[in-house]
Amino acid sequence: MSKLKRSPVRVLLAMVALTGAIIINGDTVGQEKTFPVLGPLPPVPIPRDNPQTPAKVELGKMLFFDPRTSGDASTSCASCHDPRQGWGDGSDLSRGYPGTQHWRNSQTVINSAYLKKLFWAGGVGSLESQAIAASTGNLAGNGSPEMIQERLRQIPEYVRRFKEVFGELPTFLNAVKAISAFERTVVSDPKKVPFDRYMKGEKSALSGEAIRGLKLFQGKARCIQCHNGPLLTDEDFHNLGVPKNSAFTEDPLRQIAMRFVAKIKGVPNYMKVDRDLGLFLETKRSDDIGKFRTPTLRELKYTAPYMHNGVFFTLEEVIDFYDQGGGSDPNKSPLLKPLGLTAEEKKALLAFLENLSSSEPILVEAPALPDYEVSPETIKSAKRGD
């Protein structure tokens, strides 16, 4: 047998090839368990009923930036998912539809193409369903599908593009498909992510400090328990005891928004709700109160603030929160325990987390949007005096 030393990267890649998972010892995370392996992202999954084409993606890009897909034609997808703000809105809590204020953080669109559950409480299972909910939801787009469709049909450039892509006049559901196709292009490029390059065998892609952070991530810091697989999320739901955002306490509009949703979700005594109930809104199971979907850790450098209520603005704050074992909540996950990280270990963990992001922000330029025009049929009718 050869006595040549094998690099940690080669050993890890060999494990992945053989098992598709990484085993973490009980000494590091409290129990022996197999987790989906960390690694570069696979190809984007494309649904059979919405195949990608360049023309569809280009149409979706225009619609993503077009506020006419909302109720009062003031709010586009990009209003809350701005490429210049990490494809969120840069605020702790989302702005909401005019006249409202949301009570949750606006999640990034980056890599959402891989998610099987979207929204903080996992309310929908596809980008298409998410786009419908966002466009028509009272606190987001507040739009009428029929009105949006008629607007698009009154714009000759959209009529031309819809006929090219779908073979028919604009419809709301086809607009949703186009937007989703565009969002499936907003993904990390493995060639630009130091961690991905490292996992492909480029040893110099991570510094020694970041490599120590990777070991902590998979060991003492216990991050791997929920942040695993290529997307660095288990897509499960956990209560972390995240502290409340004071903006909810101080802003009646945010309280109205949350209680409105609690009411339409069928929560008894909804006027007494004083916190985000999380997954409970979907399941009505008491042990789901305060649970939220584990977010991906990719592109963290560009997607602050963090947590479902945007209460942490820096990664240092997030690390400190986990180091102390999370917050205090009677329903808090038993996975969270005080970590006892040293200052140097925190720095190393931070260095690793920062290397999960691309070397530069993922940006696209907002397209020029086409204008309305009076339809020829209306002009002919006016001339006839109809």
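Residues numbered from 1 in each chain as written. Predicted model: local features only at pLDDT ≥ 70, side-chain atom pairs only at ≥ 80, totals over all residues. Heavy atoms only, no water.

Q: Residues and numbers for the overall build of the chain, please.
A: From N to C terminus, the chain includes 16 helices and four strands. Residues counted as buried form 50% of the 386 residues belonging to the chain. Looking at the chain alone, contacts between residues at least 24 apart form 65% of all its contacts between residues at least 6 apart. Total accessible area on the chain stands at roughly 18900 Å², and carbon and sulfur atoms take up 55% of it. (Helix = DSSP H or I, 4+ residues; strand = E, 2+ residues; numbered from the N terminus. Buried < 20%, exposed > 50% of the residue type's maximum accessible area, 1.4 Å probe, protein only. Contact = heavy atoms within 4.5 Å. Areas by Shrake-Rupley, 256 points an atom, 1.4 Å probe, with all protein chains shown as cover.)

Q: Could you give an account of the environment of Val 374, with specific residues and numbers?
A: For Val 374, the position within the fold is in the loop between α15 (343-354) and α16 (376-384). Sequence separation between Val 374 and Ile 155 is 219 residues, and the spatial gap between their C-alpha atoms is 8.5 Å.

Q: With reference to specific residues and values, describe the nonpolar core.
A: A general tendency of soluble globular proteins is for nonpolar side chains to be buried together. Counting 38 residues, the largest nonpolar core has Phe 195, Phe 217, Leu 349 and Leu 353 as its most contacted members. Within the residue set of this core, elements represented by two or more residues are α9 (194-199), α10 (208-218), α14 (315-323) and α15. By residue number, the principal contributor to this core is α15, which donates six residues. Beyond its immediate sequence surroundings of up to four residues, Leu 349 is in contact with Gly 213, Leu 216, Phe 217, Ala 221, Cys 223, Ile 319 and Leu 341. Residues Ala 78, Val 109, Phe 182 and Val 186 belong to the second largest nonpolar core, which totals 25 residues. (Core = buried A, V, L, I, M, F, W, Y, C linked by side-chain atoms within 4.5 Å.)

Q: Could you give me a rundown of the environment of Ala 304, with the residues and numbers involved?
A: Within the secondary structure, Ala 304 sits in the loop between β4 (292-293) and α14. We classify Ala 304 as partly exposed; its relative accessible area is 28%.

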